[in-house]
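Below are the chains, spelled out letter by letter.
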Amino acid sequence: MWLFSKIKQNITEKKDIENFREELKEREIVLSEWKMQDDLEQKIFDNSFTLFKKGEELSKKGNQEEALVYLKKAYENGYREIPLYHRFTIVYRSLKMYDEEIYCIDKIISELDNDVTDGWRKRREKAIHLRNKYT
């Protein structure tokens with residue numbers, strides 16, 4: 001009886017070990033998939049950021065139309081950071097696209113704390129004034 005009990009315990013332990021190994025393999029697969037997803041997201045972000053930087057550089061050189069192309073590509077690729085919206089406001093203002101500028105300002109205001117939105121609210125008022133003046 002003791003021998004049978006010991007054999008049964010060993011079999012159970014082996015099954016537990018096999019189950020544990022299977023579980024580890026499944027977790028490794030999941031972790032691997034997460035890492036691949038993180039790597040992909042990082043590559044997309046890096047690409048989007050590169051597009052943003054190119055657009056920003058063009059804008060600073062005064063080439064607003066071409067800058068807008070790169071900024072829109074960065075946005076389409078998922079770059080949704082405040083510096084992008086800020087650069088959009090600069091480009092849109094210089095191109096006299098006031099409705100688009102106001103939209104970007106509203107986006108910035110919605111993302112920021114109330115403490116830092118006063119300047120953006122003033123800029124929004126100025127954009128509304130310019131839109132009403134020139135349209």
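Throughout what follows, the structure given in this document is the object of discussion. Since the structure is predicted, the reported quantities are computational estimates derived from the model, not experimental observations. Just so you know, the residues in each chain are numbered from 1, in the order the chain's sequence is written. Only residues with pLDDT of 70 or above have their local features reported here, since the model is predicted, and side-chain atom pairs are shown and tallied only from 80 upward, although totals for entire chains, interfaces and linings are computed over all residues. The basis for every side-chain value is the complete set of heavy atoms in the structure, and neither hydrogens nor water enter the calculation.

**Section: the overall build of the protein chain**
Now for step 1: Strands are runs of DSSP state E lasting at least two residues, helices are runs of H or I lasting at least four, and both sets are numbered from the N terminus onward. Per the secondary structure count, the protein chain includes five helices and zero strands.
Now for step 2: If you list the helices and strands of the protein chain from N to C, you get α-α-α-α-α.
Now for step 3: Per-residue burial over the protein chain gives 23% buried out of 135 residues.
Now for step 4: Here, residues are in contact when the closest pair of their heavy atoms is within 4.5 Å. Looking at the protein chain alone, contacts between residues at least 24 apart form 47% of all its contacts between residues at least 6 apart.
Now for step 5: In the form shown here, the protein chain has an accessible surface area of approximately 10100 Å², with 53% of it arising from carbon and sulfur atoms. For each residue, the accessible area found with a 1.4 Å probe, counting protein chains only, is set against the maximum for its type, and the residue is called buried under 20%, exposed over 50%, and partly exposed in between. Here the accessible surface of atoms and residues is derived via Shrake-Rupley with a 1.4 Å probe, and residues count as covered only by protein chains that are part of the display.

**Here we look at the pattern of salt bridges**
Now for step 1: Any carboxyl oxygen of Asp or Glu within 4 Å of a side-chain nitrogen of Lys or Arg constitutes a salt bridge here. Here the structure, examined in full by the defined rule, presents seven salt bridges.
Now for step 2: When the shortest N-O distance is used, the salt bridge between Lys-61 and Glu-57 registers 3.5 Å.
Now for step 3: A relative accessible area of 38% means that Glu-57 is categorised as partly exposed.
Now for step 4: Three or more residues are tied together by salt bridges with common partners; here these are Lys-53, Glu-56 and Arg-87.

**Quick word on the packing of helix H4 (residues 98-111) against helix H5 (residues 118-134)**
Now for step 1: Across the interface, H4 lies against H5 with an axial gap of 9 Å and an inter-helix angle of 165 degrees. One element, H4, and the other, H5, form an angle in the roughly antiparallel class. In the packing of H4 onto H5, the handedness of the crossing is left-handed. Residues Tyr-98, Asp-99, Glu-101, Ile-102, Ile-105, Asp-106, Ile-108 and Ile-109 of H4 form the contact with H5, whose own contacting residues are Trp-120, Arg-121, Arg-123, Arg-124, Ala-127, Ile-128, Leu-130, Arg-131 and Tyr-134.
Now for step 2: For this scheme, ten residues count as nonpolar: Ala, Val, Leu, Ile, Met, Phe, Trp, Tyr, Cys and Pro. Four count as charged, namely Asp, Glu, Lys and Arg, and the remainder, Gly too, count as polar. Split by residue class, the contact of H4 with H5 holds ten nonpolar, no polar and seven charged. The angle between two axes is taken between their N-to-C directions and runs from 0 to 180 degrees, where each axis is a line fitted to C-alpha atoms and a helix contributes only its stretch in contact. For classification purposes, angles smaller than 35 degrees are called roughly parallel, those larger than 145 roughly antiparallel, those between 65 and 115 roughly perpendicular, and all remaining angles oblique. Crossing handedness is read from the near helix: turned anticlockwise from the far helix by less than a right angle, it gives a left-handed crossing, and turned clockwise, a right-handed one.

**Here we look at helix H3 (residues 82-94)**
Now for step 1: Expected span, for any helix, means 1.5 Å times one less than how many residues it has. The end-to-end C-alpha distance of H3 is 19 Å, a good match for the 18 Å that 13 residues give at a rise of 1.5 Å each.
Now for step 2: Among all positions in H3, only Leu-84, Tyr-85, Arg-87, Phe-88, Thr-89, Val-91 and Tyr-92 are buried.

**Observations regarding the side chain of Glu-101**
Now for step 1: Position of Glu-101 among the secondary structure elements: in helix H4.
Now for step 2: Residue classification places Glu-101 among the buried positions, given a relative accessible area of 0%.
Now for step 3: The contacts of Glu-101, once residues within four sequence positions are left out, are Thr-89, Tyr-92, Arg-93, Arg-123 and Ala-127.

**Brief notes about H4**
Now for step 1: Counted at 1.5 Å a residue, the expected span for H4 with its 14 residues is 20 Å, and the 20 Å between its end C-alpha atoms agrees.
Now for step 2: Turning to H4, its buried residues number three or more, namely Tyr-98, Glu-101, Ile-102, Cys-104, Ile-105, Ile-108 and Ile-109. Viewed end-on, H4 has its buried residues packed into an arc of 165 degrees, placing them on one side of the element.
Now for step 3: Buried residues in H4 make contact with H3 and H5. The reported arc concerns the directions from the helix axis to the C-beta atoms and nothing else.

**Observations regarding the environment of Ile-128**
Now for step 1: Mapped onto the elements of the fold, Ile-128 is located in helix H5.
Now for step 2: Judged by its relative accessible area of 23%, Ile-128 is partly exposed.
Now for step 3: Along the chain, Ile-128 and Ile-102 lie 26 residues apart, while their C-alpha atoms are 7.3 Å from each other.

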